[in-house]
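These are the residues of each chain, in order.
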Amino acid sequence: MTLAETKPATTTPATDKARRRGQQSKLTGPLRRAGLFVVSIALGLLVWQLLASHFGPALVASPSETWHGAVDLWSDGTLWQSIWASSRRIFIGWALGVVVGAPLGLLMGRITIVRELLDPYIEFFRFIPPIAFVTLAIIWLGIGESSKIVLIFYTSVFVVVINTISGAVSTDETKLRAAASLGASKVQILRTIVLPSTIPHIVTGARLAMGNSFLTIVSAEIVAAQEGLGALIWTSRNYGHIDWVFVGIIVLGALGFLFDRVLRLCVRPLRRYGVKV
């Protein structure tokens, strides 16, 4: 063993400074984001209060009035029942849209005859808003849960299909030819090459479909529902409770924010396929 090998490693002042700077950045990064979040919320509440003071309680409920309204709705169980009813409908309809839309998009993206047969229907129905089918959904399926879930499925499936097709058709042709030359079957190519390259597009479609689901649930519940955030907003409007209307709107936004964050956490293991969340 030489003297150079037994000599303890030393660090230069520049190395120590860089290490301290890295440790400080790890601490200040989350603190900075948390601080900006608090400042943003505070500014939003200030603007909200100014608008409420200017227009009056008949048009804009103040933050304090909205808070008291939320407490009242929560204390009698109305708010929780509305959140649970809407969340259940959104999740079931959205999940069905993803489960059906992703495989259908893969087939349409890779099999020409399937795309040519189904593309006219996809392009036709995706431009018809779900609210146009509310009346038919109620006539065909009644005022129960099925009509709301089908409407949410309708608004979700086309977004997932379109994004999945985009990912399937943009698969690197070099990889496809290389796999075919090595003797891979069409099923193997679809499973090992096309699907992994399409996963980021499927995730994007699923996130967009989630947003569309929240847009649809309000219109569906306004027309035919006794429970749900959409029904809560409409009933509050009829009774002149502007503070309850604000509660419903704010809870919808917070619920959508929560759903999206949970979805992003669930797809984190898919980062190796190029998913960015």
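Residues numbered from 1 in each chain as written. Predicted model: local features only at pLDDT ≥ 70, side-chain atom pairs only at ≥ 80, totals over all residues. Heavy atoms only, no water.

## Some thoughts on the overall build of the protein
Right, on to step 1. If you tally the helices and strands in the protein, you get eleven helices and zero strands.
Right, on to step 2. Secondary structure of the protein in N-to-C order comes out as α-α-α-α-α-α-α-α-α-α-α.
Right, on to step 3. Expressed as a percentage of the 277 residues in the protein, the buried residues total 35%.
Right, on to step 4. Across the protein, contacts joining residues at least 24 apart in sequence account for 73% of those joining residues at least 6 apart.
Right, on to step 5. For the protein, the exposed surface amounts to about 17,200 Å²; the carbon and sulfur share of it is 68%. (Helix = DSSP H or I, 4+ residues; strand = E, 2+ residues; numbered from the N terminus. Buried < 20%, exposed > 50% of the residue type's maximum accessible area, 1.4 Å probe, protein only. Contact = heavy atoms within 4.5 Å. Areas by Shrake-Rupley, 256 points an atom, 1.4 Å probe, with all protein chains shown as cover.)

## Overview of a nonpolar patch on the surface
Right, on to step 1. On the surface, a cluster of nonpolar side chains totalling about 570 Å² of accessible area is made up of Leu107, Ile111, Ile113, Leu117, Leu118 and Tyr121.
Right, on to step 2. In terms of residue count, the dominant contributor to the nonpolar patch is helix H5 (residues 112–125) (four residues).
Right, on to step 3. Its place among the elements puts leucine 118 in helix H5. (Patch = residues over 30% accessible without salt bridge, like charges linked within 9 Å, V, L, I, M, F, W, Y side chains within 5 Å. Salt bridge = Lys/Arg side-chain N within 4 Å of Asp/Glu carboxyl O.)

## Regarding the pattern of salt bridges
Right, on to step 1. A full pass over the atoms with the stated rule returns six salt bridges.
Right, on to step 2. Among the salt bridges present, the one from arginine 207 reaches aspartate 260, with a minimum N-O distance of 3.0 Å. With a gap of 53 residues between them, arginine 207 in helix H9 (residues 186–223) and aspartate 260 in helix H11 (residues 242–266) connect regions that are remote in the sequence.
Right, on to step 3. With relative accessibility at 28%, the residue arginine 207 sits in the partly exposed group.
Right, on to step 4. Assessed through its relative accessible area of 16%, aspartate 260 is described here as buried.

## Digging into the packing of aromatic side chains
Right, on to step 1. Following the criterion strictly, the structure yields eight aromatic pairs and no others.
Right, on to step 2. Here the aromatic rings of phenylalanine 91 and tryptophan 94 are separated by 6.2 Å at their centres, their planes lie at 40°, and the arrangement is tilted. Of this pair, phenylalanine 91 and tryptophan 94 both sit in helix H4 (residues 78–110), three residues apart, which is roughly one turn of that helix.
Right, on to step 3. Judged by centre distance (5.0 Å) and plane angle (85°), the rings of phenylalanine 124 and phenylalanine 125 are edge-to-face.
Right, on to step 4. By relative accessible area, phenylalanine 124 is classed as exposed at 51%.
Right, on to step 5. Taken together, the ring pairs connect Trp74, Trp80 and Trp84 into an aromatic cluster.
Right, on to step 6. In this structure, arginine 237 packs its charged tip against the face of tryptophan 234, placed 5.0 Å from the ring centre. (Phe/Tyr/Trp six-rings, centres within 6.5 Å; stacked < 30°, edge-to-face > 60°. Lys NZ or Arg CZ within 6 Å of the ring centre and 35° of its normal.)

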